[in-house]
Every structure is written in structure tokens, then in C-alpha cells.
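# Structure at a glance
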Amino acid sequence: MGGEKLQTIGEIYKEVLYLRLTGDLSFKEIGEILERSENWARVTYYRGKSKVIRRLNDEK
């Protein structure tokens, strides 16, 4: 994912994406770190990923 694209999606999405992709953490671990539920971490990750993909597709 393009680093510049991550700058435009919001802090919480960036944090969850970072923990998942570079930290290789489970959604349960991410939820615990951010004091949220496992389901919240999963939904936030997929929403953030979708935002990045949409921005990349908009450039084409």
C-alpha cells in the first residue's frame, strides 16, 4: 500500500493497518492494545483497507 495513501485515511485506520500488516498481530491482540473488541479491530482494518484501495483506484 502506498505510504502517501495511508496519510489520508485517518489515524485510527492507519494504526490498525500498521499493527496488522507490520506487527503481524491478530485482531484480538489489536483490540486489546487499543482497548476495543476483536470485532471492532476487524471491521476497522477492512474499512481502512477499502479506503486505501479506493484512493489507489481513483488515481488510475
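## Structural notes on the overall build of the protein chain
- Counting secondary structure elements, the protein chain contains four helices and zero strands.
- Reading the protein chain from its N end, one meets helices and strands in the order α-α-α-α.
- Here the protein chain, with 60 residues, has 30% of them falling under the buried criterion.
- Partitioning the intrachain contacts of the protein chain with sequence separation of at least 6 by distance along the chain shows that 50% fall at a separation of at least 24.
- As presented, the protein chain carries roughly 4,200 Å² of accessible surface, and 46% of it is formed by carbon and sulfur atoms.

## Points about the environment of Ile 12
- With respect to the helices and strands, the residue Ile 12 is situated in helix H2 (residues 11-21).
- Spatially, the C-alpha atoms of Ile 12 and Thr 44 are 7.9 Å apart, while their sequence positions differ by 32 residues.
- Other than its neighbours up to four places away in sequence, Ile 12 contacts Leu 34, Trp 40 and Thr 44.

## Brief notes about the confidence of the model for the protein chain
- Residue-level pLDDT values for the protein chain average 89, and 87% of them are 70 or greater.
- The element-level mean pLDDT for the protein chain is lowest in helix H1 (residues 3-6), coming to 59, with helix H3 (residues 27-33) highest at 98.

## Focus on the pattern of salt bridges
- Scanning all chains against the criterion turns up two salt bridges.
- Between Glu 11 and Lys 14 there is a salt bridge, and its shortest N-O distance comes to 2.8 Å. Of this pair, Glu 11 and Lys 14 both sit in helix H2, three residues apart, which is roughly one turn of that helix.
- Note on Glu 11: relative accessible area 57%, which makes it exposed.
- Residue Glu 38 pairs with Arg 42 through a salt bridge whose shortest N-O separation is 3.1 Å. Residue Glu 38 and its partner Arg 42 are located together in helix H4 (residues 38-58), separated by four residues, close to a single helical turn.

Analysis parameters
- Residues numbered from 1 in each chain as written.
- Predicted model: local features only at pLDDT ≥ 70, side-chain atom pairs only at ≥ 80, totals over all residues.
- Heavy atoms only, no water.
- Helix = DSSP H or I, 4+ residues; strand = E, 2+ residues; numbered from the N terminus.
- Buried < 20%, exposed > 50% of the residue type's maximum accessible area, 1.4 Å probe, protein only.
- Contact = heavy atoms within 4.5 Å.
- Areas by Shrake-Rupley, 256 points an atom, 1.4 Å probe, with all protein chains shown as cover.
- pLDDT = per-residue confidence, 0-100.
- Salt bridge = Lys/Arg side-chain N within 4 Å of Asp/Glu carboxyl O.

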